[in-house]
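A closer look at the structure
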Amino acid sequence: MNGGWFRLEGSNRSPILEPGLQAPVADALWMLARQWQVGEFRGEDAGRPVRARYAVERVAMDHFFEDPAEVTVQGARPITDLDGPIEVYVERESITTGPAAFAFSAEAGVQLLRFLRSHGVSRKTGNLIARTHSLSALPGLNATKSVLATRAPDGAAAYRKRSGLHLLAGIPESERASMQVAVTAWAEWYAQRLDEPETEASDSSPMWREDRQAYRFALAAKPDKQSAIILTADDHAGGRLDWHAFDLSKRRLTELPTSQAEVQSHVLHPTPVSFGGMAAPRWWTFEPGEVHFAGINSGPSEITRMVVAEFATVYSNDYWMLPVGGRTGHLQRITSLEVIDSFGDVHRIPAAAAVDADTGRRPWRFMELTGDPSADTRGVPWLALINTTFGATESTAVERVEFVRDEQSNLGWAGEVTYERNDGTYAQRMDEWRAVAAEVVPLEETTSEGAWSYRLNGTMPPPHWVPLVPMRPDETSPQVELRRGRLREWDLLPEGVRRLRGLILTPDSPFAIDEVELPPSGLTVTRTYHTARDRTGRIRQWVGRRRILGRGERTLGTRSDRIIDTNT
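Every value quoted in this text rests on a predicted model; they were computed, and no experiment measured them.

Some words on the overall build of the chain
In terms of regular secondary structure, the chain is built from twelve helices and 25 strands. Across the 568 residues of the chain, 39% fall into the buried class. The long-range fraction of contacts in the chain, counting pairs at least 24 apart against all pairs at least 6 apart in sequence, stands at 70%. On the chain, roughly 33,700 Å² of surface is accessible, and the fraction owed to carbon and sulfur atoms is 53%.

With respect to the pairing of strand 16 (residues 411–420)
Here strand 16 lies mainly inside the structure; eight of its ten residues are buried. Where strand 15 (residues 399–406) meets strand 16, seven bridges bridge the pair, whose relative direction is antiparallel. Each residue of the ladder has a partner; that of Asp406, found in strand 16, is Leu411. Here strand 15 folds back onto strand 16 in antiparallel fashion, the turn holding four residues, of which Asn410 has a positive phi close to 55°. As paired elements, strand 16 and strand 20 (residues 465–471) share four bridges and run antiparallel to each other.

Some remarks on the side chain of Ser316
Within the secondary structure layout, Ser316 lies in the loop between helix 9 (303–314) and strand 10 (320–321). Among the polar contacts listed, one links the side chain of Ser316 to the backbone oxygen of Ala312, at a separation of 2.9 Å. For Ser316, the residues in contact, after removing those within four places along its chain, are Val273, Phe275, Met278 and Phe311.

As for the nonpolar core
Among the nonpolar cores identified, the biggest contains 43 residues, and Leu219, Leu231, Phe246, Leu331 and Phe403 are the most heavily contacted of them. Of all the secondary-structure elements, those providing two or more residues to this core are helix 3 (86–91), strand 5 (214–221), strand 6 (229–236), strand 15, strand 20 and strand 23 (523–533). Ranked by the residues each element gives to this core, the list is headed by strand 5, at four residues. Leu231 has contacts with Met61, Phe217, Ala218, Leu219, Phe246, Asp247, Leu331, Leu369 and Ala384, leaving out every residue within four places of it along the chain.

Thoughts on the environment of Ala309
With respect to the helices and strands, the residue Ala309 is situated in helix 9. Judged by relative accessible area, which is 8%, Ala309 ranks as buried.

Comments concerning the packing of aromatic side chains
Scanning the model with the defined rule gives ten aromatic pairs in all. Between Phe403 and Phe511, the ring centres sit 6.1 Å apart and the planes meet at 20°, which makes this aromatic pair stacked. Note that Phe403 is positioned in strand 15 and Phe511 in the loop between helix 12 (495–498) and strand 22 (512–514), a separation of 108 residues in sequence. This pair shows no difference in class: Phe403 is buried, exactly as Phe511 is.

A word on unusual backbone geometry
Excluding glycine, most residues fall at negative phi; most peptide bonds, likewise, are trans. Positive phi, close to 60°, is recorded for Lys225, a residue that is not glycine. You can call Lys225 exposed: its relative accessible area is 80%. With phi around 45°, Thr506 is a residue other than glycine that occupies positive phi space. Within the secondary structure, Thr506 sits in the loop between helix 12 and strand 22.

Considering the pattern of salt bridges
Scanning the model with the defined rule gives 26 salt bridges in all. Arg527 is paired through a salt bridge with Glu399; the nearest N and O atoms lie 3.3 Å apart. Here the residue Arg527 occupies a position in strand 23, and Glu399 occupies one in strand 15, the gap between them amounting to 128 residues. You can call Arg527 buried: its relative accessible area is 3%. Classification of Glu399 as buried rests on a relative accessible area of 1%.

Reading the values: rules and limits
Residues numbered from 1 in each chain as written. Predicted model: local features only at pLDDT ≥ 70, side-chain atom pairs only at ≥ 80, totals over all residues. Heavy atoms only, no water. Helix = DSSP H or I, 4+ residues; strand = E, 2+ residues; numbered from the N terminus. Buried < 20%, exposed > 50% of the residue type's maximum accessible area, 1.4 Å probe, protein only. Contact = heavy atoms within 4.5 Å. Areas by Shrake-Rupley, 256 points an atom, 1.4 Å probe, with all protein chains shown as cover. Pairing = 2+ DSSP bridges. Polar contact = N/O pair within 3.5 Å; in protein donor to acceptor, adjacent residues only side chain to side chain. Core = buried A, V, L, I, M, F, W, Y, C linked by side-chain atoms within 4.5 Å. Phe/Tyr/Trp six-rings, centres within 6.5 Å; stacked < 30°, edge-to-face > 60°. Salt bridge = Lys/Arg side-chain N within 4 Å of Asp/Glu carboxyl O.

Structure (structure tokens):
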């Protein structure tokens, strides 16, 4: 031997994975004894649900009221398009008569020329329509819009005369048939392009209330041989609508036409409720590791968190799920529920509201409309499935108005920050004011004879910030409203600078907002364009408003007039 050392080592690696994955147990009876020890083999004389029968009643909400304070038969308006989101009916404003009417009419006119060319109509005929229904050029248009004013027809005017476009004088007989087909296809595109109110009495939505800067309306469903069910929304700030925006009114109408209604019965097989991190129902089962209930951090006062964790770990496998189909735009409720267990016994499950009514307490009111009297009569409350938008796209605000409180001056202020131009773009009022502010002549100091000088207020807010003066609607009313006023300094400004440009502050009519609607934090109201798809896949586009909280109280830097002693 040469004196070297040799060592033998065992290998802990093996190309075979099956023994490690098998996880063999030396004594299988030990596992059964452990299950017996914890009571898993203990039987109970309780079956498990295997089948369920239920009946559901649905009533369509196919009427709306523009004012929830005047719920009458004469004020009811039918909802002819139940597939459309309810936000379209509530928020939509007239676009063809609004600030951007020129832009939309020009776009529709260009689209009409495209439809005509695609159907083989000559360019000469398209120019004839453009001359017959020409656009009126407006001041302040950019170069592109100015060209449209001379080349494109007025789409809104052509749509109103669509039935007779192919009969215009000068159109060849050989093109009248193809032109009628093109105009019909274009009219379908135009009708689906914009959602506008049925009446054009105002630029804003008929359901928008200036005194509250919010939407107010009501929906109605009329079951057969019953009074109409009225759902009122008194203060909708804009945006997505859902059931929590409504209350059930006590008003009853029996003269409304009967709504679409149905009663269906279904048989289903219950399935156990499951959720991520749920505890396994049996021993020796690997549980998922997404949720670790034992690692929940909670303080001494967070008892609710621990109660929920205990409920999820101990009683989670005691609940079963029955999926019940619903239909948006309807009121629905479960009228009966029967469960058949594994022993063949039938269990009739009453509504939780009916059981709570017997005890005189209502601790469970999940998704229940406020004011629903159904539970008081041992009935089942209604569930409102509002046909609302999902994933709607909202544009940048084309008009923005900020309402603020100025307690120092005992005033409110409304600032028109952004407004919509007639070419479809939007502009900043502050940029326009900076361009002409240097040319404004300042107020001169007025001096009387003697030792006193009367100096007028030398700080003038920008003209797009208008004061809101507190006044009472009448001498006997205890309420106070903020009415739009004006500043004397505006007389020094050009007409185009001091005039309001948008729609929110109603420049062509008086404006007032209830004082209680203007909180200390202020308000911001915007107008935006919305695009969404209804449940049939149709694209819906409309203009709506939204009210959000402002950024707090502030002052516009105004100062009061003062008397100056010239001897000092």
